[in-house]
Amino acid sequence: MPRCVTRVECVYRSYGSQGRWETVSALPHARLRPGVQRYQGFRLDLDRPRARLEVPDGVVTLVLTFGHSLKLTDATDPTGPSTTRRSLISGLSTRATFGRHGGKLHGLEVIMAPWAAFSLFGTPMWNLAEHFTDPVELLGHRSELLIEQLEARVGWADRFACLDTALDRWRETGPPSSPRVRYAWRELVRSSGAVPIKQLAARTGWSWRQFEHRFREQIGLTPKGAARVLRLRRALRLLTDSHSPSQTAAACHYSDQAHLSREFKAMIGCTPRQFLRLRGNDNENSEATDRVPGQVTSAVLDAEPFETAARRDK
């Protein structure tokens, strides 16, 4: 069970036959919110490799590890090429990812809205969408210095305070995000991608071409691509809350259940039923499994490769 402590929001720990793991969550300083949503520290010391399926989640993630590496593969093409990163920036994506490691992993991740990442990283977000960027390549010495400082700190609370200082400095020197882009993003999030895009563009006062350009610059995907991710995000939540695929399809404005299944295959690489099987359809430990509160972001795969389970479940 989690326990809440000063500065640190929640701590999860597990000790078992396969080793031990710990995750520690905290809210960023109020100056950084709501754009920077969450910090999470992690330390895993397992006796075997571990894999996670990470679905499209509508957030940008900065992952900083202390000497370990992650192997990343497109879950919709699991036999395709892989990328190995020690640290990474994950922009918005319309495709799920396998993240694999050797069983030992130690570091932190920062969860943020895409418009906040635009200001923090100082680059058009289309440069970060649909792939994993090495933060050293983008941020240079700023990233290297931050990793060194974080690794030198003794406790999680001190590391989170170090993140507060660094990210606040980056935010102050980065380009400001547009209030109109932030408004459009909030409306898409609020409606789970259901708000008509042309209507949304008209509300901003921009032409369609200008709206799409500014949105992609500061969010990463097109408005329609972002709406697709947010609609999937709601569908995942409803399915894991025991709604049937047909009920979920209707509630999320898919044309029918077959349309929902096609979107799952295209964006996650499996059907809704296969995803629930991989996740275990068990929400008991969802707070520790999912990276974003209130969302379904992940499935831990420690028994068999995803592609094996998917083939068997056809």
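So, here is what we can say about the structure in this document. (Residues numbered from 1 in each chain as written. Predicted model: local features only at pLDDT ≥ 70, side-chain atom pairs only at ≥ 80, totals over all residues. Heavy atoms only, no water.)

**Some thoughts on the overall build of the protein**
Looking only at helices and strands, the protein features 13 helices and 12 strands. Its C-alpha atoms give the protein a radius of gyration of 19 Å, within 12% of the compact-globule value 20 Å for 314 residues. Counting only C-alpha atoms and orienting by the principal axes, one finds that the protein spans roughly 50 × 50 × 40 Å. Of all 314 residues assigned to the protein, the portion counted as buried reaches 53%. Across the protein, the fraction of contacts at a sequence separation of at least 24, relative to all contacts at a separation of at least 6, is 67%. In the form shown here, the protein has an accessible surface area of approximately 14,400 Å², with 49% of it arising from carbon and sulfur atoms. Taking the 46 positively charged and 33 negatively charged side chains of the protein as two groups, their mean positions are separated by 4 Å. (Helix = DSSP H or I, 4+ residues; strand = E, 2+ residues; numbered from the N terminus. Rg over C-alpha atoms; globule rule 2.2 N^0.38 Å. Buried < 20%, exposed > 50% of the residue type's maximum accessible area, 1.4 Å probe, protein only. Contact = heavy atoms within 4.5 Å. Areas by Shrake-Rupley, 256 points an atom, 1.4 Å probe, with all protein chains shown as cover. Lys, Arg positive; Asp, Glu negative; His and termini not counted. Charge placed at Lys NZ, Arg CZ, Asp CG, Glu CD.)

**Concerning helix α7 (residues 208-219)**
Owing to its 3.6 residues per turn, the α-helix brings residues three or four apart onto one side. Here α7 is 12 residues long and its end C-alpha atoms lie 16 Å apart, about the 16 Å a rise of 1.5 Å per residue gives. Along α7, the residues classified as buried are Phe211, Phe215, Glu217, Gln218 and Ile219. Two residues or fewer past α7, Gly220 is found with a positive phi of approximately 120°. (Expected span 1.5 Å × (residues − 1).)

**Topic: the environment of Val136**
Checked against the element boundaries, Val136 lands in helix α2 (residues 135-139). On the accessibility criterion, Val136 (32% relative accessible area) is partly exposed. Put simply, Val136 and Ile89 are 47 residues apart on the chain and 9.8 Å apart in space, counted from C-alpha to C-alpha. Ignoring any residue separated from it by four or fewer positions in sequence, one finds Val136 in contact with Ser143 and Glu144.

**Looking at the sheet that holds strand β9 (residues 97-101)**
Within a beta sheet, neighbouring strands are joined by backbone hydrogen bonds and run either parallel or antiparallel to one another. Judged by pairing direction, the sheet is antiparallel, and its 5 strands sit side by side in the order β7-β6-β9-β4-β12 without closing on themselves. Two strands lie at the open edges of the sheet, namely β7 (82-85) and β12 (298-301), each paired on one side alone. For this sheet, the mean angle separating the axes of adjacent strands, direction not counted, is 25°. Where strand β4 (residues 50-54) and β9 come together, 5 bridges link them in antiparallel fashion. (Pairing = 2+ DSSP bridges. Axes fitted to C-alpha atoms, helices over the stretch in contact; angles between N-to-C directions.)

**Observations regarding helix α8 (residues 223-240)**
Helix length check: α8, at 18 residues, gives a terminal C-alpha distance of 26 Å against a target of 26 Å (1.5 Å per residue), a fit within 8%. Extensive coverage of α8 is indicated by the burial of 14 of its 18 residues. Taken from the residues just after α8, Ser242 is the one with a positive phi, measuring 75°.

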